[in-house]
Amino acid sequence: MGGRGTRLGQLTDHTPKPLLPVGGVPFLEHLITNLARHGFRRIVLLAGYLADQMQGLIDKAPILGVEITCVIEPEPAGTGGALTYARSLLDPRFLLLNGDSLLDVNYLSLRADADWREGDMGRVALRAVADGSRYGTVEHAEGRITRFAEKSGEPGPAVINGGIYWLDRNILDMIGTLPCSLEQDILPVLARSGRLGGELCEGYFIDIGVPVDFQRAQTEIPAWWHRPAVFLDRDGVLNVDIGYAHRPDQIEWLPGVREAVRYLNEQGYFVFVVTNQAGVARGFYDEAAVHTLHAWMQGELARAGAHIDDWRYCPYHPDGSIELYRQAHDWRKPAPGMILDLLEAWPVVREGSFLIGDRDGDVQAAAAAGIPGYIIEPNNVLNQVRDLVAKHEPKSEMTL
């Protein structure tokens, strides 16, 4: 959701603010791509002004790896009222984003950290800014939001609403007469009654609602996307290597590995998996089983507040029993094909990127791709990952 965008003048005369081009693509596409890499697959757009223009983004959904549904207000209903039209599409606990701002936060960690107390209805990402004069401000203590204040117009540092919310669907029962503003009519009531959590986030933030920041976004957001990556082998790094694991009941996570993935997410890395899956070539399971298992693993990671940005696997082996897969292939480690493909597909900064494996072939593949590779022991994974991050001290355009 995003406002009419009157402060942007003629820019929004014929284009909804969230669809204004930033770095050559609609701003909203940046938000959806970021959601997709966190593992979100079902997106609901709440639209009003010039809503028919959302169709172009909906048509692009398969390329973005998501399913998009657009719910159009029959008449302006406010940021809270718009949710009532989407009620049947909302999960019991759902993520809501403003469509005109970007805050770099681990969406899954924000939910996992919630410690929702009995009666809680939501959790909000907060951001400290150097000048809060154009925003309403937020008072918080011990993980709870205590008060929202109207914008004062006075320059100076402040804590503001970052425009990211995990909400209980029952919040819709608080919405009465329309139009209804989530920020003015609902959240302050929850704060006063002690039913609203808040987490102060330090990630990159930009709101494109005024011309100077819209222009700033043209260079900053494309730069924000460029970041180092950590490439992870699967069996022996994420889970105990039992040989040809292909079902969820065969997966035993290594101690601390889910926390390690979450740590990498929160340090700003892309996190990729590159795994040889010769079991496909040998006829032990098919490619569909690989996809199903990876989807299950992504769900398990999400429950721990972590995610994998993208997965690559190699089903080929020169000694395979299935003719289709019986070949030497440049994706099979120690060849670097999977790593190179990810480097091509994502805006990875090579400096500061590295691979973590459990065999010499993993390290050899990393070297062939031009990045360092390391073998870790199957214990204290989180501590080893922290040491590797400290060793590389990644610096990229994302830290703006």
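Each remark here, short or long, concerns the structure printed above.
Notes on the structure in this doc start here. Computed from a prediction, not measured in an experiment: that's the story for all the values here.

Conventions and cut-offs
- Residues numbered from 1 in each chain as written.
- Predicted model: local features only at pLDDT ≥ 70, side-chain atom pairs only at ≥ 80, totals over all residues.
- Heavy atoms only, no water.
- Helix = DSSP H or I, 4+ residues; strand = E, 2+ residues; numbered from the N terminus.
- Buried < 20%, exposed > 50% of the residue type's maximum accessible area, 1.4 Å probe, protein only.
- Contact = heavy atoms within 4.5 Å.

## Digging into the environment of A229
Then, number 1: Mapped onto the secondary structure, A229 falls in strand β13 (residues 229-232).
Then, number 2: Of the residues examined, A229 reaches a relative accessible area of 0% and is grouped as buried.
Then, number 3: Considered as a pair, A229 and L355 are 126 residues apart in the sequence and their alpha carbons are 8.4 Å apart.
Then, number 4: Those residues in contact with A229, other than ones at most four positions away along the chain, are Y269, F270, F272, V348, V349, S353 and F354.

## Here's the deal with unusual backbone geometry
Then, number 1: Geometrically, the link from L178 to P179 is a cis peptide bond, its omega value of 0° lying close to zero.
Then, number 2: Tracing the backbone shows P179 in the loop between β10 (158-168) and α6 (182-192).
Then, number 3: The linkage connecting K333 with the following residue, P334, adopts the cis geometry, with an omega of 20°.
Then, number 4: Here P334 shows up in the loop between β15 (310-314) and α11 (337-345).
Then, number 5: In this structure, E142 takes a positive phi of about 50° despite not being glycine.
Then, number 6: What makes E142 exposed here is its relative accessible area of 77%.
Then, number 7: Unusually for a residue other than glycine, N380 sits at a positive phi of about 50°.
Then, number 8: The topology assignment puts N380 in the loop between β17 (373-375) and α13 (381-392).

## Quick look at helix α8 (residues 257-266)
Then, number 1: Counting buried positions over the 10 residues of α8 gives 7, a clear majority of the element.
Then, number 2: Buried within α8 we find V257, A260, V261, R262, Y263, L264 and N265.
Then, number 3: Where α8 is buried, its residues touch α5 (107-112), β13, β14 (270-276), α10 (287-303) and α13.

These results come straight from atomic positions and should not be treated as a statement about function.
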